[in-house]
Amino acid sequence: MVAREKLEEARKNYAMGKYNNAVAYCSQALQFVRFGSDSDMVKEIYFLLGLAHLELGTSYTVWDLNDEILACKYFDKVIAMDNNCVEAYLYRGLAIIRWGNNYKLAIADFDKVLELEPDNELARKCRELCYEQLIKKEENEEDD
């Protein structure tokens, strides 16, 4: 199956840090996948697209916000297909922080991760960091 081969190439390129290539192969895979019968593959492609765009947003010296926005959109698609996908909420929360420091929105994603997986330490730490940033922001606003 062509879609599966393209997805495998996308995985290999992602693992090698070739995120643009991973995006290209994922896009090709989407052209060949049958949406009705291969929903798990579609979800995996969207998730990998989200991860690749998140990495692209952090791999340049000047962040390209479009990559964070695209990452959020792809994680949104994964969540629409599986509203219990812990990883999609976790990485979308990270992308939201990088996109525009919307800590309240990111906290909602980290809360969802902790609802689904109460022992997730990464989500707990990210949520705490967001709360710390909100407090700092409020203190700075009071000083002005």
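See the structure printed just above.
Residues numbered from 1 in each chain as written. Predicted model: local features only at pLDDT ≥ 70, side-chain atom pairs only at ≥ 80, totals over all residues. Heavy atoms only, no water.

Undergrad: Would you take a moment to explain the environment of tyrosine 131 for this structure?
TA: Structurally, tyrosine 131 can be placed in helix 7 (residues 121-143). A C-alpha to C-alpha distance of 8.2 Å links tyrosine 131 and lysine 104, two positions 27 residues apart in sequence. (Helix = DSSP H or I, 4+ residues; strand = E, 2+ residues; numbered from the N terminus.)

Undergrad: Would you mind going over helix 1 (residues 2-15) with me for this structure?
TA: Side chains that are three or four residues apart share a direction in an α-helix, a result of its 3.6 residues per turn. When the terminal C-alpha atoms of helix 1 are compared, their 20 Å separation across 14 residues agrees well with the 20 Å that a helix rising 1.5 Å per residue should span. Those residues of helix 1 not exposed but buried are Ala3, Leu7, Ala10 and Asn13. Down the axis of helix 1, the buried side of the element spans an arc of 125°, and every buried residue falls inside it. Those residues of helix 1 that are exposed and angled more than 90 degrees off the buried face are Glu5 and Ala15. (Expected span 1.5 Å × (residues − 1). Buried < 20%, exposed > 50% of the residue type's maximum accessible area, 1.4 Å probe, protein only. Arc of directions from axis to C-beta.)

Undergrad: How should the environment of phenylalanine 110 be read in this particular structure?
TA: Structurally, the position occupied by phenylalanine 110 is in helix 6 (residues 103-116). A relative accessible area of 0% places phenylalanine 110 in the buried class. Sequence separation of phenylalanine 110 and serine 27 is 83 residues, and the distance between their C-alpha atoms is 28 Å. Those residues within four positions of phenylalanine 110 in sequence are excluded, and the remaining contacts are Leu90, Gly93, Leu94, Ile97, Ala123, Cys126, Arg127 and Cys130. (Contact = heavy atoms within 4.5 Å.)

Undergrad: Before we go on, may I ask you to explain the environment of arginine 124 in this structure?
TA: Tracing the sequence through the fold places arginine 124 in helix 7. Note: C-alpha distance between arginine 124 and isoleucine 107 (17 residues apart in sequence) is 9.5 Å. With near-sequence residues (within four places) excluded, arginine 124 lies in contact with Leu114 and Pro118.

Undergrad: How should I be thinking about the pattern of salt bridges in this particular structure?
TA: Pairing between side chains of opposite charge can happen when the charged atoms of each approach one another. Counted under the stated rule, the structure contains nine salt bridges. Residues lysine 12 and glutamate 9 are paired through a salt bridge, measuring 3.7 Å at the closest nitrogen-oxygen approach. A residue pair is termed a helical-turn pair when its members lie 3 or 4 positions apart in one helix, as lysine 12 and glutamate 9 do in helix 1 at three residues. The residue arginine 127 makes a salt bridge to aspartate 111 at a minimum N-O spacing of 2.9 Å. With a gap of 16 residues between them, arginine 127 in helix 7 and aspartate 111 in helix 6 connect regions that are remote in the sequence. Residue arginine 127 is classed as partly exposed on the basis of its relative accessible area, which comes to 22%. Within the structure, one salt-bridge network assembled from shared partners comprises Glu8, Arg11 and Glu44. (Salt bridge = Lys/Arg side-chain N within 4 Å of Asp/Glu carboxyl O.)

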